[in-house]
Amino acid sequence: MTATVPPTPSDDPIPDPAGRVELPPGAALTDSRFVNDDLLPVPLARRRWTTYNFTALWVGMAHNIPSWLLASGLVALGMDWKQAVFTIALANVIVLAPMLLTGHAGPKYGIPFPVLARASFGLRGANLPAMIRAGVACAWFGIQTWIGGQGIFVLLGKVFGGWAEAAEVGGQPWTLWVCFVLFWALELAIIHRGMETLRRFENWAAPFVIVGAVVLLAWIAHKAGGLGPLLDQPSRLGWGADFWPVFFPSLMGMIAFWSTLSLNIPDFTRFGAGQRAQVWGQTLGLPTTMTLFALLSVFVTSGSQAVYGAPVWDPVALAARTDNVFGLLFALVTVLVATISVNIAANVVSPAYDLANLAPRLISFRTGALITGVVGVLIMPWKLTETPELYIFTWLGLVGGLLGTVAGILIADYWLVRRTVLDLPRLYTPGGRYWYTSGWNLRAVAAFLLGGVLAVGGSHSAPGKGPFPEDGLIPFLKPLADYGWAVGLAASLVVHATLMAGHRRG
């Protein structure tokens, strides 16, 4: 292990007129326990993502099969299409706020999420939120890869026929396993080439997926001779007492869908040309795209009801209804591009950095990405998606509560405690102001534990529908369970800011 060289005056960060900060050339940050090339701040010359790049990133991530299915899940709960779209739109406006707040540190300092977390949790303590985020991302990577593999399996089965009747291995046709593995390998091959390749991929993937979705709408509208009766179906819940008990947990679930990115968005904004690029790019890309995509899914499903007599919410299953080989191949490519664009950006970049932060000397960004791919298979995503209760309520609810808790600490520390001022060299230097108690900020850990208990302690399941007791893990906290993300964020933000009052800034 190389020795840490204490920063000298020549190591002082260099600001530019836009307020962005970088380390000077040759800055002496050499402790391999906390430094590698992937974790160091991005030099100003390489921070060149524009508003379009961030908008394209979000368009590419939002246009995916699980996003398409969000509205269907809400309609299945009894909402009409207007209530479902309203819930999704509001959730994404809400989650945009922490996204912009945590994203601010990216263009200013050029640092990824686990390095930003060192300011609040300590150089070693940052591994706590990083590993939570990495674990969630690995699971999401496996889920998205399984869904993408299923899409390929269904569409290629229509082209070649007989795939569904293949011999089973582990309860699934062997042809499905082949599709899953090939899709998995393609994703890792792209991310192995680095973030610049990802930027270029997202730039053309975003408009391609939009075209694919519009083509699907035009096709079903043509077959239906207009949109079907689904838009006229009344809500089974109304807007009264039956609606709100469904609305609030659904809103938290929709927020939880992107709460992962509200933590590690600095992994992307660190490449931003400035705050304007990340603020406008995210604002134009996230809430608008998710709302329009929800509308698109409702319209297409409406048309499918008119054509087939029953709504077909799954876009892959709907595309498979055509007998046109060209149409099937176009749908196949669209599914590939859409799923890859979201899965790599949302679920590989973050754990790659998080794992690199765990052992910088041993794990690079590319090694972290490979580990993510392996863990994403080992968690058996085909089990996680077996039932909607486990996938939507248990999974998203638990994840949202914990990630909201971490987001509250990051926001409180960066904005309220430090007023966005960080000592860049000390984020990589043991023994400095971010070392706290042997590398751990026990105040942040306490805020996390309290916020986490309040957020998920009341988790409950209907009898036979999930892993939690009907009365909740901690019964008196059950009323808070439906608001897990908001409770976790608010509680940890207040506790961390209070405990850190008077602590020196920077």
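Thresholds, definitions, all that
Residues numbered from 1 in each chain as written. Predicted model: local features only at pLDDT ≥ 70, side-chain atom pairs only at ≥ 80, totals over all residues. Heavy atoms only, no water. Helix = DSSP H or I, 4+ residues; strand = E, 2+ residues; numbered from the N terminus. Contact = heavy atoms within 4.5 Å. Buried < 20%, exposed > 50% of the residue type's maximum accessible area, 1.4 Å probe, protein only. Core = buried A, V, L, I, M, F, W, Y, C linked by side-chain atoms within 4.5 Å. Phe/Tyr/Trp six-rings, centres within 6.5 Å; stacked < 30°, edge-to-face > 60°. 1 Å grid on protein atoms, 1.4 Å probe; cavity = no way out; pocket = protein on both sides within 12 Å on 5 of 7 lines; lining within 4 Å. Points joined across faces, edges and corners; volume = space filled by probe spheres on them. Nonpolar A, V, L, I, M, F, W, Y, C, P; charged D, E, K, R; others polar. Axes fitted to C-alpha atoms, helices over the stretch in contact; angles between N-to-C directions. Left-handed = near helix turned anticlockwise from the far one by under 90°. Salt bridge = Lys/Arg side-chain N within 4 Å of Asp/Glu carboxyl O. Expected span 1.5 Å × (residues − 1). Parallel < 35°, antiparallel > 145°, perpendicular 65-115°, else oblique. pLDDT = per-residue confidence, 0-100.

As for the side chain of His-104
Within the element layout of this structure, His-104 appears in the loop between helix H3 (81-103) and helix H4 (105-109). In this view, His-104 contacts Gln-275, Gln-278, Tyr-414, Trp-415 and Thr-420; residues no more than four positions away in its chain are not counted.

Describing the environment of Leu-442
By the element assignment, Leu-442 lies in helix H18 (residues 442-456). On the basis of relative accessible area, Leu-442 is assigned to the exposed category, the value being 53%.

Description of the nonpolar core
Core analysis: the biggest nonpolar cluster contains 99 residues, and Met-61, Leu-155, Trp-258, Leu-261 and Phe-268 have the highest contact counts within it. When residues no more than four places from it in sequence are discounted, the contact partners of Leu-261 are Trp-58, Met-61, Met-99, Arg-133, Phe-268 and Ala-346. Leu-23, Ala-356, Tyr-414 and Leu-427 belong to the second largest nonpolar core, which has 24 residues in total.

Some thoughts on the packing of aromatic side chains
Within the structure shown, the criterion is met by 19 aromatic pairs. With a centroid separation of 5.1 Å and an interplanar angle of 90°, the aromatic rings of Trp-58 and Trp-258 are classed as edge-to-face. Here Trp-258 lies in helix H9 (residues 244-264) and Trp-58 lies in helix H1 (residues 51-62), a separation of 200 residues in the sequence. The pair formed by Trp-58 and Trp-258 is uniform in burial state, with each residue classed as buried. A connected cluster of aromatic rings, assembled from ring pairs, spans Phe-86, Trp-239, Phe-243, Trp-244, Phe-247, Phe-248 and Tyr-483.

Brief notes about the layout of surface pockets
Taken as a whole, the second largest pocket spans an internal volume of roughly 460 Å³. As for the second largest pocket, its lining consists of 24 residues, and the residues nearest its centre are Gly-212, Leu-216, Ala-319, Ala-331 and Thr-334. Of all the secondary structure elements, the ones that give two or more residues to the lining of the second largest pocket are helix H2 (65-76), helix H8 (195-224), helix H12 (315-319) and helix H13 (325-347). With eight residues, the single largest contributor to the lining of the second largest pocket is H13. Within the lining of the second largest pocket, the residues separate by chemical class into 16 nonpolar, eight polar and no charged.

Brief notes about unusual backbone geometry
Not every positive phi belongs to a glycine, and Thr-420 is a case in point at roughly 70°. Among the structural elements, Thr-420 can be located in the loop between helix H17 (388-417) and H18. Even without being a glycine, Tyr-436 presents a positive backbone phi close to 50°. In this fold, Tyr-436 is placed in the loop between H17 and H18.

Describing empty space enclosed by the protein
The gaps of empty space that remain are located by a probe, the size of a water molecule, rolled over the atoms. Under the defined criterion, the tally for this structure stands at one cavity of 30 Å³ or more. Counted as a void, the largest cavity has a volume near 70 Å³. For the largest cavity, the full set of lining residues is Trp-140, Gln-144, Phe-257, Trp-258, Thr-260, Leu-261, Val-342, Ala-346 and Asn-347. Taken together, the elements giving at least two residues each to the lining of the largest cavity come down to helix H6 (127-160), H9 and H13. The leading source of residues in the lining of the largest cavity is H9, at four residues. Considering only residue class, the lining of the largest cavity consists of six nonpolar, three polar and no charged.

Regarding the packing of H3 against H9
Running from N to C, H3 and H9 cross one another at 35°; their axes reach a closest spacing of 8 Å. The two elements H3 and H9 meet at a crossing, and its hand is right-handed. Where H3 approaches H9, its residues Phe-86, Thr-87, Ile-88, Leu-90, Ala-91, Asn-92, Ile-94, Val-95, Pro-98, Met-99 and Thr-102 are matched on the opposing element by Phe-247, Ser-250, Leu-251, Met-254, Ile-255, Trp-258, Ser-259, Leu-261, Ser-262 and Leu-263. Looking at the contact of H3 with H9, its residues break down into 15 nonpolar, six polar and no charged.

So, the pattern of salt bridges
Inspection of the entire model under this criterion finds three salt bridges. The shortest N-O distance in the salt bridge between Arg-426 and Asp-423 comes to 3.7 Å. A relative accessible area of 16% places Asp-423 in the buried class. Through salt bridges with shared partners, a single ionic network connects Asp-423, Arg-426 and Arg-433.

A few points about H6
An ideal rise of 1.5 Å per residue puts 50 Å on 34 residues; H6 measures up with 47 Å between its terminal C-alpha atoms. Where burial is concerned, most of H6 is hidden: 26 out of the 34 residues are buried. Note on H6: the residue one or two positions beyond its end, Gly-161, has a positive phi of about 75°.

A few points about the packing of H6 against H13
Between H6 and H13, the least distance of the axes is 9 Å, while the angle of their chain directions is 175°. In terms of orientation, H6 and H13 fall into the roughly antiparallel class. Counted by class, the contact of H6 with H13 contains 15 nonpolar, seven polar and two charged residues.

Points about the confidence of the model for the protein chain
Of all residues in the protein chain, 90% have pLDDT values of 70 or greater, and the mean over the chain is 82. With pLDDT under 50 throughout, residues 1-10 is counted as low confidence; its partners more than four residues away or in other chains account for 19 contacts.

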